[in-house]
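Each chain is listed here by its residues.
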Amino acid sequence: MLRHTLKRLLQLIPALLGLTVVLFIWYKLMPGGPEYALLPENASDAQREAMRESLGLNDSIWVQYGNFLKDIVTFDFGSSVTTGREVSTEIAERFPATLELGLAAMVLAIVVGVPLGYFAARKRGSLLDVAAVSGSLIGICTPVFFLAVVLKVIFAELLGWLPTLGRLSSGETYTDITGFRVLDGLLSGEFHVAWDAVQHLILPAMALASIPLAIITRITRASVLEVMDEDYVRTANAKGLGQTTVRVSHVMRNALLPVVTVVGLLFGGLFAGAVLTETVFEINGIGRFVYTATSNRDFPALLGCIMLVAVVFVLINLLVDLSYNLIDPRLRVK
Amino acid sequence: MRKLTKAIAVAAVAGLAATACSGETKNSGGSSAGEGDPFIFGSGGQVTTLDPVLTSDGETFRVTRQVYDTLLDHDGVEMVPGLAESWEGSDDGLDWHFKLRSDVTFHDGSELTGDVVCQNFDRWQTFEGEWEAVTYYWGNMFQGYGEESNYAGCEADGLDVTVSVKEASADYPGAFSMATFAILSPKSIEKIKDVELEDASEMPDYSQEVGSLAGTGPFKFDSWDHSSNEITLTRNDEYWGDKAGLETLIFKAIENEQTRRQALISGEIHGYDLVSPADVIELEKEGFNVPTRDVFNVLYLGFTEGNNPALAKPEVRQAIAHALDRERVVDTILPEGGKVATQFMPEGLNAWNPDVQTYEHDMDEAQDLVSSAGEDGTTLEFCYPTDVVRPYMPNVADIFEIFKANLEEAGFEVEPRAITWTDYVQEVHNAGCELNLLGWTGDFNEAFNFLGTWFDGYKEEWGFEDEEIFDLMSEARTEPDREKRDELLSEASALIMDYLPGVPISHSPPSIVFTDDVNAPTVSPLTQEDFAEMSWK
């Protein structure tokens, strides 16, 4: 087990190196440079040149790549061209926002998606089943940003129930312990802050959860349908085991395996959705940072964020792999 | 299981109801904030530094302008006293004398004297290395650093200061009013004088931390929460002028205009800038106060002559000018108060010339000119930017569509090229387009700040050479006498409109919005609102 984990972690190195090459080539192929984002429309050639020189954009491509690799190895991604602050500081500040949002979305997707998929399978052909299947199709087809805007219009603009932006109301004072606003509010006993943070999380989490929710519902439904036909379920029923035992230990436990795989992949994929959700809801997370960094040609910021997302993605998949062993004892034997 | 389903349903409804009860924050134009409550303004972008000399970004200046003062200030577009209660330029335009206000103290307790002003100027002039890359406006207004700079020195005697330059320039005294040249306290300067900068992407730590720098303005920095892009200012009770009406002022960066609008309606903010013209009437109906500023910008359609031989023909340029339905743009896209531009500067400037050649929308004339030039069916590559709202260009895609249809009707083929903003500026600047839409908002009340931006010499972006225009512009640039300079620029404006290197399109009045429960500040054509004028009703 430990060896397997270490092997997977070592595999991360060539994967990340490959990613740096791809990123670097992509960056170099992109037109435009940060000097155009940073200086006014009427800046002179000399001023733009001074800015390029200072940013090291006039060095040879190999020097730039070398610096870039050195930065990665030393965990120093330099400063963000857009904000002027160290990328590592920016990431440290923003990552909890994205993680909090991602976790909220994933919890929502699982808590709603798994039971919905299960009951849809159990009541196959019923109204609930039809609603779950067609609802999930709509969920998959609806672009995240569109849903985000619709949710804002309904719940914030028209009804005025929920806030439209950020993680807390402006001017709210809070104690920063972990960077997770809800948790910090609870830990510090500032329950109004935790509640404020929850209110700010609802709409973005709903928007971000839409696609994972739809996928989880569908996968659970398909998986439960398949497992319900298995011999061991029939045997369990024939043995006269209680319905709850059959459903929990025989059906759900086996049906969950593909669901867990999908949850792992979806969690990594949430970062893509976070770019849109965080931008629409003006949440200062990694997703929004990537968005502004792309439009400003802010390479250090892009690099730091993409590397982080890659590492997180790989780690989550590793966790998913490891969790198989917990769910399916047969794998432990193998 | 039914029981469980029922329980979940009940919990969900209860949860939503609880949210609904406690989360009621909707604004209806008149919300219930009052004395002591913070006023929250939605800025269009994040603040990048607390040291205004290190930026050229308008959103940063909006905040720093409330905390620091400059030697001169503006009332509308007129230059008025700032920290200097009076000022005078020498006849040759080389020496600028300022008489400072007495009893002005900085937020850190130090006193304003002539020496402090000189310390600030000397600091800016001696920037070297990487600092030069990040101090755009000093490079622009004082033409460089150290010996190369146009800045010749500063002398102080008590509250009298003389700033000297080597060559007269149309940029003075306007430059002394710019937010970027805000006067910092001597303690601040002492604290930061040895700071080194690694490269242009790195903002020095002092510029990111509240408490490092002190100004003399009506507000003081209180906190800067980077994680939520919020800067909080508190009232400076020792302010030398009228004290601010608000105790606390928060600037929250909300980049997307629609999000700003929604945040206003839902009660999360109390005002924002760059209101989309399409929202103005709706917001007014809902009871918000949406003042519109006087115009002080220009949008133009630029030609890059070098890229298409047809554009070098005067008939073709005139045909384009006659083809464009600028009235329609002003009537249907710009906010109320927008104007068709007759030249490359707004009407309020003294150098504005009422007698320039104008080009009315006349499609028959346009078609005749295209035919007589033998350019029927000629393809024009037309670039326009995406992802951007500028004060002079609120909805560029719609403007582009109107002009594209106009040009096609006149007999041209139009090849559209939509480019994201950052790349767009570069593409236009490097002469990568044939037609482009761009503009400028003036920094201060000076016609050269408009015309000089484009026409003070050959620029690849325009690709035209006209010695008469260039000579006149360079004469104007160094003419110290304001009246004479305005005459020269007025003449240059007429020559430019005869030559027609591009078509001035419009002057757009950018709108700003406030909730109805606050006394809004006087809006400024230069977008330099003084938030200290505000108070809760």
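Definitions and limits used
- Numbering of residues starts from 1 in every chain and runs along the sequence as written.
- Whichever chain is written first is A, and whichever ligand is written first is 1; the rest continue in order.
- Totals for whole chains, interfaces and linings use all residues, but because this is a predicted model, local features are given only for residues with pLDDT of at least 70 and pairs of side-chain atoms are given and counted only at 80 or more.
- To obtain the side-chain values, all non-hydrogen atoms of the structure were included, while hydrogens and water were left out.
- Detection works on a 1 Å grid of protein atoms alone, calling trapped sets that fit a 1.4 Å probe cavities and calling open sets with protein on both sides within 12 Å along at least five of seven lines pockets, with lining residues defined by an atom within 4 Å of a point.
- Grid points are joined across faces, edges and corners, and a volume is the space filled by probe spheres set on the points.
- Strands are runs of DSSP state E lasting at least two residues, helices are runs of H or I lasting at least four, and both sets are numbered from the N terminus onward.
- When residue character is reported, Ala, Val, Leu, Ile, Met, Phe, Trp, Tyr, Cys and Pro are called nonpolar, Asp, Glu, Lys and Arg charged, and the others, Gly included, polar.
- We call two strands paired when DSSP finds no fewer than two bridges between them.
- Fitting a line to C-alpha atoms yields each axis, with helices limited to the stretch in contact; the angle taken between N-to-C directions then spans 0 to 180 degrees.
- We call two residues in contact whenever any of their non-hydrogen atoms come within 4.5 Å of each other.
- Defined in terms of a 1.4 Å probe, buried area is the accessible area two parts forfeit on being brought together, summed over both.
- Every case where a carboxyl oxygen of Asp or Glu lies within 4 Å of a side-chain nitrogen of Lys or Arg is listed as a salt bridge.
- What qualifies as a polar contact is a pair of N or O atoms within 3.5 Å, subject to a donor-acceptor requirement within protein and to the restriction that residues adjacent in sequence count only when both atoms come from side chains.
- Think of it in three bands: with a 1.4 Å probe and only protein chains considered, a residue is buried below 20% of the maximum accessible area for its type, exposed above 50%, and partly exposed in between.
- Buried Ala, Val, Leu, Ile, Met, Phe, Trp, Tyr and Cys residues that are joined via side-chain atoms within 4.5 Å together make up what is termed a nonpolar core.
- When charges are counted, Lys and Arg contribute as positive and Asp and Glu as negative, whereas His and the chain ends are disregarded.
- Patch membership needs two things, relative accessible area over 30% and no salt bridge, and members are linked within 9 Å if like-charged or within 5 Å if nonpolar (Val, Leu, Ile, Met, Phe, Trp, Tyr).
- Methods summary: accessible areas were calculated by the Shrake-Rupley approach with a probe of 1.4 Å, and residue burial reflects only the protein chains presented.
- Where a charge lies is defined by one atom per residue type: Lys uses NZ, Arg uses CZ, Asp uses CG and Glu uses CD.
- A helix is expected to span 1.5 Å multiplied by its residue count minus one.
- The term bend refers to the angle at a residue between two fitted axes, each drawn through seven residues, those ending there and those starting there.

Colleague: Just to check I follow, could you spell out empty space enclosed by the protein for this structure?
Modeller: If you roll a probe as big as a water molecule over the atoms, it shows you where there is empty space left. Residue and element names in this part refer to chain A. Following the criterion strictly, the structure yields five cavities of 30 Å³ or more and no others. Reported here for the largest cavity is a volume of approximately 70 Å³. Mapped by element, the contributors of at least two residues to the lining of the largest cavity are α5 (87–122) and α9 (191–228). Within the lining of the largest cavity, the residues separate by chemical class into six nonpolar, two polar and two charged.

Colleague: Explain the sheet that holds strand β5 (residues 95–100) of chain B here, please?
Modeller: Residue and element names in this part refer to chain B. Reading across the sheet, the four strands line up as β4-β5-β7-β6 and stay open at both edges, with antiparallel pairing between neighbours. Each edge of the open sheet carries a strand with a single partner, namely β4 (84–89) and β6 (151–157). Across the sheet, the mean angle from the axis of one strand to that of its neighbour is 15°, orientation sign disregarded. Bridge count between β4 and β5: five bridges; the pairing is antiparallel.

Colleague: What exactly am I supposed to notice about the interface of chain B and chain A here?
Modeller: How big an interface is tends to be stated in terms of the accessible area lost upon association of its parts. Taken together, the contact between chain B and chain A spans 57 residues of the former and 57 residues of the latter. Roughly 4,800 Å² is buried in total at the junction of chain B and chain A, and carbon and sulfur atoms are behind 50% of that figure. Inspection of the chain B/chain A interface yields two salt bridges. Put simply, Arg261(B) and Glu157(A) hold a salt bridge, and the shortest N to O gap is 3.0 Å. For the interface between chain B and chain A, the tally reads 18 residue pairs in polar contact (both at pLDDT 80 or more). If you list the elements that add at least two residues to the side of chain B that touches chain A, you get α1 (2–22), α4 (130–134), α5 (136–141), β10 (248–253), α7 (257–265), α13 (421–429) and β16 (435–441) of chain B. When residues in the side of chain B that touches chain A are grouped by element, the largest group, six residues, is from α13(B).

Colleague: Help me understand the pairing of strand β7 (residues 160–165) of chain B, please; the structure alone is not making it clear to me.
Modeller: The side chains of a regular strand alternate between the sheet's two faces. All names here are of chain B. Extensive coverage of β7 is indicated by the burial of five of its six residues. Bridging between β5 and β7 involves five bridges; their strand directions are antiparallel. In the strand pairing of β7, Asp-95 is matched with Ser-164. Pairing geometry for β6 and β7, over six bridges, is antiparallel. Looking at β7, one finds that Glu-155 is bridged to Thr-162. Adjacent in sequence and paired antiparallel, β6 and β7 are bridged by two residues, among which Gly-158 carries a positive phi angle near 65°.

Colleague: Please explain the nonpolar core as it appears in this structure.
Modeller: Within soluble globular proteins, side chains that are nonpolar generally end up buried alongside one another. Within the largest apolar cluster, 154 residues are counted, with the highest numbers of intra-cluster contacts made by Phe39(B), Phe121(B), Phe142(B), Phe176(B) and Phe181(B). The dominant element in this core, judged by the number of residues it contributes, is helix α13 (residues 299–327) of chain A, at 14 residues. With residues near it in sequence (within four places) discarded, Phe39(B) still touches Leu246(B), Thr248(B), Leu249(B), Ile250(B), His270(B), Gly271(B), Phe514(B), Val518(B), Phe531(B), Met534(B) and Trp536(B). Counting residues in each nonpolar core, the second largest holds 84 residues, with Ala323(B), Ala373(B), Val388(B) and Val503(B) among its members.

Colleague: Is there a simple way to think about the sheet that holds strand β12 (residues 297–303) of chain B in this case?
Modeller: The strands making up a sheet associate through hydrogen bonds between their backbones, and the pairing can be parallel or antiparallel. All names here are of chain B. Within the open sheet, the six strands sit side by side as β13-β17-β12-β16-β14-β15. Their pairing is mixed. The open sheet is flanked by β13 (339–340) and β15 (413–420), the only strands paired with a single partner. Bridge count between β12 and β16: seven bridges; the pairing is antiparallel. Counterpart to Tyr-300 in the pairing with β16 is Leu-438.

Colleague: Would you mind showing me how to read the environment of Ile25(A) here?
Modeller: With respect to the helices, strands and loops of the structure, Ile25(A) is situated in helix α1 (residues 2–29). Residues Ile25(A) and Val314(A), 289 residues apart in the sequence, show an inter-C-alpha distance of 22 Å.

Colleague: Is there a simple way to think about the side chain of Asp69(B) in this case?
Modeller: Residues and elements named next belong to chain B. Within the fold, Asp-69 resides in the loop between α2 (58–67) and β2 (72–75). The buried charged residue Asp-69 lacks any salt bridge, with Arg-101 as its nearest oppositely charged partner at 7.5 Å. Reaching out from Asp-69, the side chain makes a polar contact with the side chain of Thr-216 at a distance of 2.6 Å. In this structure, Asp-69 is in contact with Leu-83, Ala-182, Ile-183, Thr-216, Gly-217, Pro-218, Tyr-239 and Trp-240, ignoring residues within four places of it in sequence.

Colleague: How should I be thinking about the side chain of Glu278(A) in this particular structure?
Modeller: All names here are of chain A. Tracing the sequence through the fold places Glu-278 in helix α11 (residues 243–280). With no salt bridge to any partner, buried Glu-278 finds its closest opposite charge in Arg-94, at an N-O distance of 6.6 Å. A polar contact of 3.4 Å, which involves the side chain of Glu-278, links it to the backbone nitrogen of Ile-286. Look past the residues within four positions of Glu-278 in its chain and what remains in contact with it is Thr-98, Leu-101, Ile-283, Gly-285, Ile-286, Gly-287 and Arg-288.

Colleague: Teacher, can you tell me more about a negative patch on the surface here?
Modeller: Residues and elements named next belong to chain B. Side chains of Glu-88, Asp-91, Asp-92, Glu-465, Glu-467, Glu-468, Asp-471, Glu-475, Asp-481, Glu-483, Glu-487 and Glu-491 sit close together on the surface and give a patch of like negative charge. Of all elements in the fold, only α15 (467–477) and α16 (482–499) reach the threshold of two or more residues within the negative patch. Sort the elements by how many residues they give to the negative patch and α15 lands first, with four residues. Here Asp-481 shows up in the loop between α15 and α16.

Colleague: So what exactly am I meant to see when it comes to α11(A) here?
Modeller: Side chains of residues three or four places apart in an α-helix project in the same direction, reflecting 3.6 residues per turn. Residues and elements named next belong to chain A. Here α11 spans only 46 Å end to end across 38 residues, well under the 56 Å set by a 1.5 Å rise per residue. At Gly-273, α11 is deflected by roughly 40°, the largest bend along its length. Two residues or fewer after α11 comes Glu-282, characterised by a positive phi angle close to 50°.

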